[in-house]
Amino acid sequence: MNHEQPHWSKIQENSTVFGIKTLLFIYQVFGRTVFNLILFPVMAYYYVSNRTAREASKQYLSYIKPFLANEKPLSSFRHFLQFGDMLLDKLLVWMGKIDLSSIEFKTPSVVENISSSKRGALILVSHLGNIEVCNALRQRLAEVKLTILVNTEHAQKFNSLMSQLGSNTHAELVQVNELSPATAMMLSERIDNGELVVIAGDRTPEQTARVSNVSFLGHSAPLPQGAFILASLLKCPVYLLFCLKQQKKYEIHVELFSERLTFSRKKRQQELDVSVQKYAQRLEHYCVKAPFQWYNFFSFWHKNTDSTATKETKT
């Protein structure tokens, strides 16, 4: 019997504001060593109790293994432990507690171009590595403001939490379930003011069929077109940002994806597919660099993409 899994946005987050504050308190009082000791049983419980996340992790690791030179087995539990470690870094980044000396910009010339151009831009991120470290990009770019688009209803809670914790970020999380004309106008104004709009390109929002079926880690996967459609509407440069933790240091890779994305009416679907596939190739490239830092703990490939592809081609 085929039991369809719930969409990722419907899977309740296990972390609460109280839980986050508790973990942060442990770190601040006892340091990272004690935090890691406590994190181990917490993640062990999560690993055992969350079958959906566990199976999604195993599926991903089995797909990426052929791309790796190292033939050692890939531990799903290690995948979970790195996720827990990233959660702490996520909070520290937003609070400005991670020193810039622990962050290395691997493409400084691209970052400087963004700063010197004084133009707004769209930045595509992913759930590979620590996406919150884009706040460090804000620190590097002085007073540039960030608007981070999310697809869940937790944006208001997170903004409130950051305020309670004394965050000095110039970033704002905005919930966007669908791209309405009002949302597009709001984002266009921010781009015109030289702000950066950040959106994840690897999670398919609910209540939309706008996906491209692309090759990702050797298998067909539905990736959302929304970020690329938004880019064409905003008529601004598009960059990719990946942040990987290597040897206790974060490496930030910023790439120019396109000076401006445009899609013709006659070949709109095909051109969208090409752009999304190009993004998938870069995402795959960085996944291979840090295979345990992919934090999409839901079945990324479980959908019947053939039917979606047919539907999209006809529209």
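Residues numbered from 1 in each chain as written. Predicted model: local features only at pLDDT ≥ 70, side-chain atom pairs only at ≥ 80, totals over all residues. Heavy atoms only, no water.

A.B. asks: Help me understand the side chain of Asp 89 in this model?
C.D. replies: For Asp 89, the location among the structural elements is in helix α3 (residues 76-94). A relative accessible area of 2% means that Asp 89 is categorised as buried. Here the side chain of Asp 89 touches Arg 32 through a polar contact of 2.8 Å, side chain to side chain. Looking at Asp 89, its side chain comes within polar contact range of the side chain of Lys 245, at 2.7 Å. Once residues within four sequence positions are removed from consideration, Asp 89 is found in contact with Arg 32, Ile 98, Asn 130, Lys 245 and Tyr 250. (Helix = DSSP H or I, 4+ residues; strand = E, 2+ residues; numbered from the N terminus. Buried < 20%, exposed > 50% of the residue type's maximum accessible area, 1.4 Å probe, protein only. Polar contact = N/O pair within 3.5 Å; in protein donor to acceptor, adjacent residues only side chain to side chain. Contact = heavy atoms within 4.5 Å.)

A.B. asks: How should the pairing of strand β3 (residues 146-150) be read in this particular structure?
C.D. replies: Looking along a regular strand, one sees the side chains alternate between the two faces of the sheet. Counting buried positions along β3 gives four out of five residues, so the element sits mostly inside the fold. Where β3 meets strand β5 (residues 196-200), four bridges bridge the pair, whose relative direction is parallel. For Thr 147, the partnering residue across the bridge sits in β5 and is Val 197. (Pairing = 2+ DSSP bridges.)

A.B. asks: Any chance you could explain the packing of aromatic side chains here in plain terms?
C.D. replies: For any pair of aromatic rings, the description rests on two quantities: the centre-to-centre distance and the angle between the ring planes. In the structure shown here, the tally under the stated rule is 19 aromatic pairs. An angle of 85 degrees between the planes, with centres 5.2 Å apart, marks the rings of Phe 40 and Phe 77 as edge-to-face. With a gap of 37 residues between them, Phe 40 in helix α1 (residues 17-49) and Phe 77 in helix α3 connect regions that are remote in the sequence. Judged by its relative accessible area of 45%, Phe 40 falls in the partly exposed class. Grouped by ring-pair contacts, the aromatic residues Phe 40, Tyr 46, Tyr 47, Phe 77, Phe 80, Phe 83, Tyr 295 and Phe 297 constitute a single cluster. The ring of Tyr 47 carries the charged tip of Arg 54 above its face, separated from the ring centre by 5.9 Å. (Phe/Tyr/Trp six-rings, centres within 6.5 Å; stacked < 30°, edge-to-face > 60°. Lys NZ or Arg CZ within 6 Å of the ring centre and 35° of its normal.)

A.B. asks: Quick question: what am I supposed to make of the pairing of strand β8 (residues 238-246) here?
C.D. replies: In terms of burial, β8 is largely enclosed, as seven of its nine residues are buried. Alignment of strand β2 (residues 121-125) against β8, held across three bridges, turns out to be parallel. The residue of β8 that forms the bridge with Leu 124 is Leu 240. Relative to strand β9 (residues 249-258), β8 runs antiparallel, the two being bridged by nine bridges. The partner of Gln 246 across the bridge, within β9, is Lys 249.

A.B. asks: Explain helix α9 (residues 268-289) to me, please; I cannot follow it from the model alone.
C.D. replies: Turn by turn, an α-helix covers 3.6 residues, leaving residues three or four places apart pointing in a common direction. The terminal C-alpha atoms of α9 lie 32 Å apart, and with 22 residues this matches the ideal 32 Å at 1.5 Å per residue to within 8%. Those residues of α9 not exposed but buried are Gln 269, Leu 272, Ser 275, Val 276, Gln 277, Tyr 279, Ala 280, Leu 283, Glu 284, Tyr 286 and Cys 287. (Expected span 1.5 Å × (residues − 1).)

A.B. asks: How should the nonpolar core be read in this particular structure?
C.D. replies: Side chains of nonpolar character tend, in soluble globular proteins, to be buried together. Judged by nonpolar contacts, the single largest core of 47 residues is most densely connected at Leu 122, Leu 124, Phe 216 and Phe 228. The dominant element in this core, judged by the number of residues it contributes, is α9, at seven residues. The next biggest cluster of nonpolar side chains, apart from the first, holds 38 residues, and it includes Val 93, Phe 105, Ile 114 and Val 133. (Core = buried A, V, L, I, M, F, W, Y, C linked by side-chain atoms within 4.5 Å.)

A.B. asks: I would appreciate a short explanation of helix α2 (residues 51-64) in the present structure.
C.D. replies: In a regular helix each residue adds 1.5 Å, so 14 residues correspond to 20 Å; α2 covers 20 Å between its end C-alpha atoms and thus fits that length. Of all the positions in α2, only Ala 53, Arg 54, Ala 56, Ser 57, Gln 59, Tyr 60, Leu 61, Tyr 63 and Ile 64 are classed as buried. Its side-chain oxygen at 3.4 Å from the backbone nitrogen of Thr 52, Asn 50 defines the N-terminal cap of α2.

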